[in-house]
Amino acid sequence: MIDIVITGIGVVSPLGVGRESFWDNCSKAKTGIKKITSFDTSSLRSNVAGWVEDFDPSQFMPPGVYRRMSRISRMAVASSVEALKDSGLILDTIDRGRIAVIMGTSYGSSSHVEDFYISLLRDGPRGAQPFLFPETVPNAPASHIAMLHGITGPNSTFCQNEISAENAILYAQNLLSQNQVDVALVGGADELSAIQYCCYDAVGALNKVRVENDEPVNPKPGGGLILGEGAGVLVMERLDFALERDAEIYAILRSGVITGGVTSIGHYEAEGEQMARAMSMAMKEANVDPGEIDQINVSANFSGELDRMEYNQLKRTFTKAINNLAVTPLKYLTGDFGGAGAIRAAAIVLSLHRQLPLPTLSAEILKGELECSLEWDIHLAGKTRVALMTTTTFGGGSASLIFARS
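Residues numbered from 1 in each chain as written. Predicted model: local features only at pLDDT ≥ 70, side-chain atom pairs only at ≥ 80, totals over all residues. Heavy atoms only, no water.

A.B. asks: Quick question: what am I supposed to make of helix α5 (residues 140-149) here?
C.D. replies: Residues separated by three or four positions in an α-helix point in the same direction, a consequence of the helix having 3.6 residues per turn. For α5, the buried fraction is high: 7 of the 10 residues fall into the buried class. If you check which residues of α5 are buried, you get A140, P141, A142, H144, I145, A146 and H149. Where α5 is buried, its residues meet α3 (71-87), β5 (99-104), β6 (155-158) and β7 (183-190). In the segment just after α5, G150 is the residue with positive phi, at about 65°. (Buried < 20%, exposed > 50% of the residue type's maximum accessible area, 1.4 Å probe, protein only. Helix = DSSP H or I, 4+ residues; strand = E, 2+ residues; numbered from the N terminus. Contact = heavy atoms within 4.5 Å.)

Below is the structure:
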């Protein structure tokens, strides 16, 4: 099997804008979940989310470039600028037709969809705002990334709810392994919008948490979703290509598997058999057993349906260690969104590269039976050579990725 490596990272997240700020807050388990101030939540049962503040697109590109971009496109492009700079790639020295841009998103720019639709209802077909329409399509962020950097290789966007970014990562792995491209800019992005938040509130899916000011937010595990937003981009290359240009390597993507299960609309797979199957297949493909996994980055998102199912499958997979099993539910700090897989992967590879384990919680937390506030275990040192990232989405899809230190 051809080794695929990560050589660049760019992040815009609720935990910080930029790779270093993100890592600093992530390693301290500093939450990005806070009161929403960007739209009115007074009539809703919840008013918190993991949202990005202090994001200034002018730090990454000229105003003329981002002026008509949606928020999701601005975050995605900013992440790509940072990731490419971090990778040390000089685009003028390589064939831009052999660079891919692969992104994942759940909803794209839901705010622009709403704005365009309102203009259509208000002013009719002839009065609908045409400059809004390009940002209503989910592949807008990937297109902006390609245009800004002059990349002419494969350009794809995956939309499969909470495993959208994982799909993008594994598709890029295939393109690289088959030598169709030399480099792939891979990521995920989603934006928090009023229409999206109101829809989740209307179906009763949100964690019913309301805060008045800036006090700490303490969502109850198992109490319902906490939404989030952000963007992450990874630069992925074949190992031989990265070594030839003497690139710094963060980590190796050892394996990745996507499975699909049967479930009702809007729900997670009840028994979690496909989640367990994805974990088992990924470990087999990477030639590691459960005892060799140093970190487990889980997809838990405060939803009782997902979190309990995930605990049951971890118990099934890590039988010998379940009583003392520690996991990293990063969405407990960032909120849940379709492109979150790219940010979770960024946290993992930074942890492997810096040999500093991510903060953890006891796996027992996922059962949703504890009433106490979350007490993260902050690790100052530890063995970090192999990490498992597992994700499940409503609709039945599951994904497992295994990363290893280079």
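A.B. asks: Would you explain the pattern of salt bridges in this entry?
C.D. replies: Once the charged atoms of two side chains with opposite charge are near each other, the side chains can pair. Counted according to the given criterion, the structure contains 17 salt bridges. Linking E20 and R19 is a salt bridge whose minimum nitrogen-to-oxygen distance equals 3.7 Å. We classify E20 as partly exposed; its relative accessible area is 43%. Overall, the relative accessible area of 14% leaves R19 in the buried class. Among the salt bridges present, the one from E229 reaches R71, with a minimum N-O distance of 2.8 Å. Placement of the pair is E229 in the loop between α7 (194-202) and β8 (230-238) and R71 in helix α3, with a sequence separation of 158 residues. Connected through salt bridges with shared partners, the residues R19, E20, E82, D86 and R354 form a single ionic network. (Salt bridge = Lys/Arg side-chain N within 4 Å of Asp/Glu carboxyl O.)

A.B. asks: I tried to follow α3 on my own but got confused; where do I start?
C.D. replies: Its 17 residues give α3 an end-to-end C-alpha distance of 24 Å, which sits within 8% of 24 Å, the value for a rise of 1.5 Å per residue. Counted residue by residue, α3 has 12 buried out of 17 residues, so it is predominantly covered. All of the buried residues in α3 are I72, S73, M75, A76, V77, A78, S79, S80, E82, A83, L84 and S87. Where α3 is buried, its residues contact β1 (4-13), α1 (19-27), β5, α5, β7 and β8. (Expected span 1.5 Å × (residues − 1).)

A.B. asks: Looking at this structure, how should I read the pairing of strand β13 (residues 386-392)?
C.D. replies: Along a regular strand, successive side chains alternate from one face of the sheet to the other. For β13, the tally of buried residues reaches 7 of 7 residues, placing the bulk of the element in the interior. Residues V386, L388, T390 and T392 point to one face of β13 and A387, M389 and T391 to the other, with burial holding for every one of them. Summarising the sheet, strand β10 (residues 295-297) and β13 pair through 3 bridges and their orientation is parallel. In the strand pairing of β13, I296 is matched with L388. (Pairing = 2+ DSSP bridges.)

A.B. asks: Sorry if this is basic, but what is going on with the side chain of S351 here?
C.D. replies: Here S351 shows up in helix α12 (residues 340-354). In contact with S351, not counting residues within four places along its chain, are W23, Q295, L356, P357, L358 and T384.

A.B. asks: What is the right way to look at the state of the cysteines in this model?
C.D. replies: Defined simply, a disulfide is a covalent bond joining two cysteines at their sulfur atoms. Tallied over the full model, the rule gives 0 disulfides. Free of any disulfide, C199 has its nearest neighbouring cysteine sulfur in C198, separated by 7.1 Å. (Disulfide = S-S within 2.5 Å.)

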